[in-house]
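Results of the structural survey
Below are the chains, spelled out letter by letter.
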Number of protein chains: 2
Amino acid sequence: MGASTKQGYGIASKSRKIVRALIGDKIKDLSPDEQLIIERIVHSTADPEYAEITRISPDFVSESVKAIETQKDILTDINMVRAGINEYSGEIKCYISHEETLKIAKEEQITRAAAAIRVAHDKGFDGIIAIGNAPTALFEAIDLVENQGMKVSSIIGVPVGFVGAAESKDFLKKTEIPNVITEGPKGGTPVAVAVVNTIIGINKD
Amino acid sequence: MGASTKQGYGIASKSRKIVRALIGDKIKDLSPDEQLIIERIVHSTADPEYAEITRISPDFVSESVKAIETQKDILTDINMVRAGINEYSGEIKCYISHEETLKIAKEEQITRAAAAIRVAHDKGFDGIIAIGNAPTALFEAIDLVENQGMKVSSIIGVPVGFVGAAESKDFLKKTEIPNVITEGPKGGTPVAVAVVNTIIGINKD
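As the structure is a computational prediction, the values presented were derived from the model and not from experiment. (Residues numbered from 1 in each chain as written. Chains lettered and ligands numbered in written order. Predicted model: local features only at pLDDT ≥ 70, side-chain atom pairs only at ≥ 80, totals over all residues. Heavy atoms only, no water.)

1. Remarks on the relation of the copies chain A and chain B
Heads up, the condition is: The atoms used to superpose the copies are C-alpha atoms, taken from residues with pLDDT of at least 70 in both, and the fit is least squares. Two residues qualify as a contact provided that any one of their heavy atoms is within 4.5 Å of a heavy atom in the partner residue.
Mapping chain A onto chain B is achieved by rotating through 180° and translating by 0.0 Å along the same axis, at an RMSD of 0.0 Å. What we have between these two chains is a two-fold relation. Taking the C-alpha atom as reference, chain A places methionine 80 of chain A closest to the rotation axis, 2.5 Å from it. A high fraction, 100%, of the interface residues of chain A reappear at the interface in chain B, so the copies pair face to face through one surface.

2. Quick word on a negative patch on the surface
This is how it is decided: Here the term patch refers to residues with relative accessible area over 30% and no salt bridge, with like charges joined within 9 Å and nonpolar side chains (Val, Leu, Ile, Met, Phe, Trp, Tyr) within 5 Å. In this description, accessible areas are obtained by the Shrake-Rupley approach with a 1.4 Å probe, and a residue is regarded as covered only by the protein chains that are shown. Take a side-chain nitrogen of Lys or Arg and a carboxyl oxygen of Asp or Glu: if they are within 4 Å of each other, that pair is a salt bridge. Neither His nor the chain ends is counted toward charge; the positive residues are Lys and Arg and the negative residues Asp and Glu. Where a charge lies is defined by one atom per residue type: Lys uses NZ, Arg uses CZ, Asp uses CG and Glu uses CD. A run of H or I in DSSP counts as a helix once it spans at least four residues, and a run of E counts as a strand once it spans at least two, with each numbered from the N terminus.
Taken together, the side chains of Glu99, Glu100, Glu107 and Asp122 of chain A make up a negatively charged region of the molecular surface. It is helix H6 (residues 99-108) of chain A that contributes the most residues to the negative patch, three residues altogether.

3. A look at the pattern of salt bridges
Summed over the entire model, instances satisfying the criterion amount to 28 salt bridges over all chains. Note that arginine 118 of chain A is salt-bridged to glutamate 108 of chain A, the shortest N-O span being 2.9 Å. Taken as a pair, arginine 118 of chain A in helix H7 (residues 112-122) and glutamate 108 of chain A in helix H6 lie far apart in primary sequence, ten residues in all. Here arginine 55 of chain B makes a salt bridge to glutamate 183 of chain B, at a shortest N to O gap of 3.3 Å. Of this pair, arginine 55 of chain B sits in strand E1 (residues 54-56) while glutamate 183 of chain B sits in the loop between strand E6 (179-182) and helix H10 (189-204), placing them 128 residues apart in sequence.

4. Brief notes about helix H9 (residues 165-173) of chain B
Note the cut-off: Here the term buried applies to any residue with accessible area under 20% of the maximum for its type, exposed to any over 50%, and partly exposed to those in between, with areas from a 1.4 Å probe on protein chains only. When we speak of the arc, we mean the arc of directions from the helix axis to the C-beta atoms.
By the burial criterion, the buried members of H9 of chain B are Ala165, Ser168, Lys169 and Leu172 of chain B. Each buried residue of H9 of chain B lies within a common arc of 95° when the element is viewed along its axis, so the set occupies one face.

5. A look at the interface of chain A and chain B
Stated precisely, the cut-off is as follows: Summed over both partners, buried area is the accessible surface (1.4 Å probe) that two parts give up on being assembled. In the analysis that follows, any N or O atom pair within 3.5 Å is treated as a polar contact, provided that within protein one partner can donate a hydrogen and the other can accept it, and provided that, for residues neighboring in sequence, both atoms belong to side chains. In this count, Pro and Cys sit with the nonpolar residues alongside Ala, Val, Leu, Ile, Met, Phe, Trp and Tyr, while Asp, Glu, Lys and Arg are called charged and the others, Gly among them, polar.
Listed by partner, the interface residues are 36 residues for chain A and 36 residues for chain B. Of all residues in chain A, the largest losses of buried area upon contact with chain B belong to Met80, Phe162 and Val163 of chain A, amounting jointly to 25% of the total for that side. Taken together, the links from chain A to chain B amount to two salt bridges. The interface formed by chain A and chain B holds zero residue pairs in polar contact (both at pLDDT 80 or more) in total. Elements that contribute at least two residues to the side of chain A that touches chain B include exactly helix H1 (6-23), helix H2 (32-45), helix H5 (79-84) and helix H10 (189-204) of chain A. Here the side of chain A that touches chain B gets nine residues from one element, more than from any other, and that element is H1 of chain A. Among the residues forming the side of chain A that touches chain B, the class breakdown is 16 nonpolar, 15 polar and five charged.

6. Quick word on helix H4 (residues 60-69) of chain A
All names here are of chain A. Where H4 is concerned, the buried positions are Phe60, Val61, Ser64, Val65, Ala67 and Ile68. One side of H4 holds all its buried residues, which, seen down the axis, span an arc of 160°. A positive phi of about 50° marks glutamine 71, the residue just after H4.

Next comes the structure, spelled out in structure tokens:
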């Protein structure tokens, strides 16, 4: 789980045991890879509630691993999510501070996070989208996939907050897009990062 | 709360009202600035429990704002925390991937996050430390302040996890260092970022 020294490995291994003791029972019917995803979310947040609110679509792992194998791009809504993804040999993109993003956001008075997804699509994005912050970015991504032919292998849709987050995740769950969501207002950068890093790890194993 | 467009402001304002309705009663005895800190943590995590587990030392706001005013450095344990801090005109430092850090971590078999704090001290760091991930980094920072004369204005000590996080925060709380902590295993990048960005915002107002 990101550890690279003896002390680091010791902590990760002890944490894994504690997490399994806390949530093992709740996730025992999931596939081993899906269990890894949820264990890592709980490890990263210290919040066992994620074992109850995380939903993984049946095709999420296979489609995501296929994308990672072929080094497709990963698109994140904010730089914080990008900064947490480690050891990926493909490209990780985030257009939140891109000039074109600021222009679209200003002109259309939409959030920068939503405009940034549109910019990615305009640039021909094809890969995995990880949304850890903005519901508006998730709504935009779904709209672009369903109505504008945006190419995505999967969407990790775990925006956080009391305004629109739950609704945006409900919406994603009802689509045909391979996805992970967290029900309700909870989610966030560490959750998105945990899912992406698990998928990268599964591909390496 | 990080919003820069009409849609963004609308969401932030609606969220603020919901957060106040959820936790207003629990934080009403705190100073207005301390309330802002906790409101922003709850906004960022969608987890009202932070209103109960966040502890702010009485000198934290004044010492931190003084440091921000004079543009002292901010040191983060991981890049994810650094990536979330916005609109600071001073420097934000993180040595987790620094060559010297990797060397110390390997030689002494300590975590990279702990070694990175030592590297900052060796380089004469003086400012605010924000730890959002690694308890080992927090233990190291406290040790350097108490025994090696490391100069800190305040420590935002909110590492997350089931191994050592709670203990490291308990330890910080008992020191004389101006601090914010979250009791128990919870914490993380969004919490650290919320505190730092609130302090920067207070200074601007």
